[in-house]
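Residues per chain are reported as follows:
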Amino acid sequence: MTISVQDEPDAAAGAGGAMRWIPGGTFRMGAEGTYPEEAPAHTVSVSGFWMDECAVTNAEFAAFVAATGYVTVAERPLDPTLYPGADPALMVPGSSVFAAPHGAADGNDITSRWAYVPGASWRAPEGPGSDIGGRAREPVVHIAFEDAEAYAAWAGKALPTETEWEFAARGGLDGAAYCWGDEFAPGGVHMANTWQGSFPCQDLGLDGFVGRAPVGSFPPNGYGLYDMAGNVWQWTADWYSDRHPPEAEAPCCVPRDPRGGPRAMSYDRAQPAVRIPRKVIKGGSYLCAPNYCRRYRPAARHPQMIDTGTCHLGFRCIIREPNPASDEGSDA
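Residues numbered from 1 in each chain as written. Predicted model: local features only at pLDDT ≥ 70, side-chain atom pairs only at ≥ 80, totals over all residues. Heavy atoms only, no water.

Chemist: Teacher, can you tell me more about helix α1 (residues 58-68) here?
Modeler: Quick reminder: α-helices carry 3.6 residues per turn. Residues three or four places apart thus point the same way. Every buried residue belonging to α1 is among N58, E60, F61, F64 and V65, and all of these are buried. The buried residues of α1 all sit within an arc of 165 degrees when viewed along its axis, so they share a single face. Structural note: α1 exposes A66 and A67 on the side pointing more than 90 degrees away from its buried face. Next to the buried residues of α1 lie β2 (17-22) and α2 (145-154). Where α1 ends, the next residue or the one after it, G69, has phi of about 75 degrees, a positive value. (Buried < 20%, exposed > 50% of the residue type's maximum accessible area, 1.4 Å probe, protein only. Helix = DSSP H or I, 4+ residues; strand = E, 2+ residues; numbered from the N terminus. Arc of directions from axis to C-beta. Contact = heavy atoms within 4.5 Å.)

Chemist: Got a minute to help me understand the pattern of salt bridges in this structure?
Modeler: Here the idea is simple: oppositely charged side chains can pair when their charged atoms come close. What the rule picks out here adds up to 18 salt bridges. The salt bridge involving R76 is made with E146; its shortest N-O contact spans 2.9 Å. Linking R76 in the loop between α1 and β6 (94-98) with E146 in helix α2, this pair joins segments that are 70 residues apart in sequence. With relative accessibility at 40%, the residue E146 sits in the partly exposed group. The partner of E166 in a salt bridge is R170, and the shortest N-O contact between them spans 3.0 Å. Residue E166 and its partner R170 are located together in helix α3 (residues 162-170), separated by four residues, close to a single helical turn. Across the pair, R170 and E166 agree in class, each one buried. Overlapping salt bridges, with partners in common, bring together E162, E166, R170, K282 and R301 in one network. (Salt bridge = Lys/Arg side-chain N within 4 Å of Asp/Glu carboxyl O.)

Laid out in structure tokens, this is it:
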């Protein structure tokens, strides 16, 4: 059950819903022995900030669009010069949609389950013929980076850095594998909306959901934040690099409020002709499965081109200002 602002002193109301005070502190960021981009694990310090209790929902994003007339990237015509060699038939407004393949599928063939669907957008998450009726509390998806930034600016907020996001996701459990501890499903209870079954063909829905879940459907972490693992990936403000900086673990001092690498290093070196930079996304999604993608962990990180939204990518916002209940409003 969500605690109301009146009942909980570290909660605050903000555009888009309740926010939680994240007290800041020092923690071990990243991980060793998992995916290479999570290394090296290193100690960093974070200042306190407010964070949205939940990911931004369809209802909240609809209020933003109604107030501003904003048109998302997925709803705009594409510039063919940015996509050399692309199929001209696909140079129309749309977005990337997942569909489970029938029968056996090659796990390494992304085209067996993902397709660019003309007409797909936050209003039509599965493409033409779909809508968000009855899905007001689901996280908004098909959101490109500039869409998330536009919403945040309208709400008087910002997107979190990767460091801020990861610190908040850990909920005070420094070094734990998951947002809730070291056991994925403690006592057999699913703690996040992920994929159960053999990805990509069959999601058994043992956690109660096949596809996206309404925000707040699973227990919050130690900071009162919902869905910091699974459901939908979430944008951060940092440019992606394929490892944490090796100098992060400096012997002289602990970095405070560090930022990601430079934009120039964020491009996909496997696609040199595609000059679209990438930001870090965090949290994993309902498509993460143990047999394919174990990125439903705080340390996990992934690159996302800034012009591209998908059916499993959303965001939440922060406010960097002191906690009114504290004299310092920074480290706990």
